[in-house]
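Here's the letter readout for the chains.
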Amino acid sequence: MNNKKALITGSFDPPTVGHLDVIKRASSLFDDLTVCIFRNSNKKYTFAEETRVKMLSAMCKDIPNVKIDCSDKPVVIYAKENSINFIVKGARNARDFDYEKDLHNVGVDINPETETLLLFSRPEYERVSSSTVRELMKYDLDLSKYLTPEVIEIIEKEKTK
């Protein structure tokens, strides 16, 4: 039997309820799903990589076919090295769609066996983004609409360090 494997990528700084929705939906479509934090040397992160891994692990603890990983390789190279043929991305709007389409077109040049699948955001998650959460955090505003309780708890622990 051919095991269907997929990859969800992002910086997850922090992972939101929108990310979780895409992860849950993708996990029902594939046998194995890797959620991978990809490092971008041009980005400054709010949370350390190990904290983001902790957050994703806590969020996904009840989804048995999900594995959390990190990489600094190009996404399509990581996928090829791990025998993953599907990259699943969430799209909230036309801007996300255009961005993901451009990434897909470049990726196909590098690894033509990789397919990108877009899962459109559910309406209740269209405004949810990590950048929105980071902005709300600056003012110590309520994050419960945007983050899971597990992620909020980890953020609260980080504040006390």
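What you are looking at is a predicted structure, and each value in this text was computed from that prediction instead of being measured. (Residues numbered from 1 in each chain as written. Predicted model: local features only at pLDDT ≥ 70, side-chain atom pairs only at ≥ 80, totals over all residues. Heavy atoms only, no water.)

*Asks:* Explanation requested: unusual backbone geometry in the structure shown.
*Replies:* Residues other than glycine predominantly adopt negative phi, and peptide bonds predominantly adopt the trans conformation. For the bond running from D13 to P14, omega is 0°, close enough to zero to count as cis. Topologically, P14 is positioned in the loop between β1 (5-10) and α1 (17-27). Phi angles above zero are rare outside glycine, and S83 is one such case at about 55°. Structurally, the position occupied by S83 is in the loop between α3 (75-81) and β4 (86-91). The exposed category is assigned to S83, whose relative accessible area is 53%. If you check the backbone angles, D140 has positive phi at about 55° while not being a glycine. Mapped onto the secondary structure, D140 falls in the loop between α5 (130-138) and α6 (149-159). Assessed through its relative accessible area of 60%, D140 is described here as exposed. (Helix = DSSP H or I, 4+ residues; strand = E, 2+ residues; numbered from the N terminus. Buried < 20%, exposed > 50% of the residue type's maximum accessible area, 1.4 Å probe, protein only.)

*Asks:* How should I be thinking about the sheet that holds β1 in this particular structure?
*Replies:* If you walk across this open sheet you meet the 5 strands as β3-β2-β1-β4-β5, and the pairing is parallel. The open sheet has two edge strands, β3 (66-71) and β5 (115-120), and neither has a second partner. Across the sheet, the axes of successive neighbouring strands diverge by a mean angle of 30°, strand direction being ignored. Bridging between β1 and β4 involves 3 bridges; their strand directions are parallel. Bridge pairing in β4 links L7 to I87. The strands that helix α4 (residues 94-110) touches are β4 and β5; relative to β4, the one it contacts most, it runs at about 160°. (Pairing = 2+ DSSP bridges. Axes fitted to C-alpha atoms, helices over the stretch in contact; angles between N-to-C directions. Contact = heavy atoms within 4.5 Å.)

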